[in-house]
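Listed here are the chains, written in short residue letters.
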Amino acid sequence: MTGCGSEPAVKPVTQADAAVRIQQAKQAKAAAAAKVKANELGQVPVLMYHRIIKNPGSDDDRTPEKFRADLERLAADGYVPITAAEYATGKIGIPAGKHPVVLTFDDSSPSQLDLDDLGVPRQDTAVAILREIAAKHPGFRPVATFYVTRDMFGKTVKEEQAQALLWLKDNGFDIGNHTRDHVNLGTRSQKEVTEQITSIQKQVNSLAYHQPVTLALPYGSQPRKKDWALRGKGDGVAYNHSGVFLAGYTPAPAPFTKTFDPLGIPRIKAMDKKGDCTQFCSTAWLDWLKNNPDMRFTSDGDVGTVAFPKFKAPFLRKDFAARALPY
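Keep in mind that what you see is a predicted model, and the values were worked out from it rather than measured.

Undergrad: Would you take a moment to explain the overall build of the protein chain for this structure?
TA: Scanning the protein chain from terminus to terminus reveals 9 helices and 12 strands. Along the three orthogonal principal directions, the C-alpha set of the protein chain runs to about 85 × 45 × 45 Å. For the protein chain, with 327 residues in total, the buried portion stands at 50%. Across the protein chain, contacts joining residues at least 24 apart in sequence account for 67% of those joining residues at least 6 apart. Counting only carbon and sulfur atoms, one obtains 53% of the accessible surface of the protein chain, whose full area is about 15,900 Å². Counting 43 positive and 36 negative side-chain charges, the protein chain places the centres of these two groups 6 Å from one another.

Here you go:
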C-alpha cells in the first residue's frame, strides 16, 4: 500500500525493454514497407531534357505539348520528382508506394526559364509547365535540376542572371554544373577540365550563393581520368560533387546499391518510341519499368531507412547497412 498522497512506484525502463521496443518499431516499419512493396534498391529514371520549344530543331528538343504529356504520364504512373542532388546524396523523401524520377535540363536555355516583368515564369517554359502539372496533381513535386553554362538562360547582364538563379533556388529547384563553355571534356587536360568546372562553380556561387552538388557532362563525355569531374580545385575555388551525370542511356541504379557509381550516373533521353528510341529513350524505359515493377525504386515513405525485400540484401552498399530495413 502507498502512503497518503504518494504516487505508485514506476518500474524503470531497462536496456532490455528499450531494445524490445526498438525491435517492435522496426518490425512495424518493415511490415508497412512490405505492404507497399517497397524496393529502395530499385532503378530510378533520370530524364534528360534540353529545349522546350514549339518547333523542335533536333531530337534533343521537346514541344510544350509533349513535355506536358510526359509529366502527366509520370504523375499517373506514381512518380514523384526529386532533384539530382537529392538522388545523388540518398535523400529520397517521397511518400510510401511512390517512385522517384529526376528531371534534368541541360544548357540553361530560355525555353526552360524566362521570367516576365513581374518575376513570373512565362507560359510554356519548362518551369511554368512543371508547376502547372504539379498544381493538378497534389504530391507531384514541382522540382527539377537545371545544368547551367555561362549563358545562364540567355541572360548576359549579371543582375538578370542572378534573378533567374535566385528564383530557381527560392522555389525549390536545383542548380547543377554543366561547365562554362559546354566543351568535350574527354579531349581536355586536367587544368582545362578544372577551369571549365570551377568557372561555373564560382559564377553560380557569386550570383546565387549556391554550390552545385552535381555535374552533367557535356555530350556525356568523361575526362581521361573520371575523377577530375568529381573533385578538383582551381582559381581559389574547390568542387567536390556527389554525382556526375552522363547523357542518355538507361535508368540509374539506386544510390544505396553496390552498382551506384558517382563518377558516371546514366540518364535517359526524353523521347518517344522511334528509331533508336524504340528501346533506349524515356517512353520505352518507362514502359519497361512499369512492366517490371520489381526492378523499379519504390519508396517506403521514410527517408531515414532503406527498405527492400530480404533477397535483395546482397546488393546493398555497406555504407547504408545501418539504415537497412529488409522485410
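Undergrad: Help me out: how do you make sense of the nonpolar core in this one?
TA: If you look at soluble globular proteins, the nonpolar side chains tend to sit buried side by side. Within the largest apolar cluster, 41 residues are counted, with the highest numbers of intra-cluster contacts made by Leu71, Leu74, Leu103, Phe105, Leu165 and Leu168. Looking at this core, the elements with two or more residues in it are strand 1 (46-49), helix 2 (64-76), strand 3 (99-106), helix 4 (126-136), strand 4 (145-148), helix 5 (158-170), helix 6 (190-208) and helix 9 (282-291). With 6 residues, helix 4 is the single largest residue contributor to this core. Dropping the residues within four chain positions of it, Leu168 is found in contact with Leu113, Val127, Phe146, Phe153, Phe173 and Ile175.

Undergrad: Please explain the state of the cysteines as it appears in this structure.
TA: Formally, a disulfide is one covalent bond, and it connects the sulfur atom of one cysteine to the sulfur atom of another. On inspection of all chains with the given rule, the structure shows 1 disulfide. Residue pairing for Cys277: its cysteine sulfur links by disulfide to Cys281, the two sulfurs lying 1.9 Å apart. Residue classification places Cys281 among the buried positions, given a relative accessible area of 4%.

Undergrad: Which parts of the structure should I look at to understand the packing of aromatic side chains?
TA: Remark: the centre distance and the inter-plane angle together describe each pair of aromatic rings, the angle taken between the planes. Under the definition given, this model contains 13 aromatic pairs. Between Phe105 and Phe146, the ring centres sit 5.0 Å apart and the planes meet at 15 degrees, which makes this aromatic pair stacked. On the criterion of sequence distance, the pair formed by Phe105 in strand 3 and Phe146 in strand 4 is long-range, its members being 41 residues apart. Here Phe105 falls in the buried class, since its relative accessible area comes to 1%. Using a relative accessible area of 1% as the deciding quantity, one classes Phe146 as buried. By way of ring pairs, the aromatic residues Tyr49, Phe67, Phe105, Phe146, Phe153, Trp167 and Phe173 are connected into one cluster.

Conventions and cut-offs
Residues numbered from 1 in each chain as written. Predicted model: local features only at pLDDT ≥ 70, side-chain atom pairs only at ≥ 80, totals over all residues. Heavy atoms only, no water. Helix = DSSP H or I, 4+ residues; strand = E, 2+ residues; numbered from the N terminus. Buried < 20%, exposed > 50% of the residue type's maximum accessible area, 1.4 Å probe, protein only. Contact = heavy atoms within 4.5 Å. Areas by Shrake-Rupley, 256 points an atom, 1.4 Å probe, with all protein chains shown as cover. Lys, Arg positive; Asp, Glu negative; His and termini not counted. Charge placed at Lys NZ, Arg CZ, Asp CG, Glu CD. Core = buried A, V, L, I, M, F, W, Y, C linked by side-chain atoms within 4.5 Å. Disulfide = S-S within 2.5 Å. Phe/Tyr/Trp six-rings, centres within 6.5 Å; stacked < 30°, edge-to-face > 60°.

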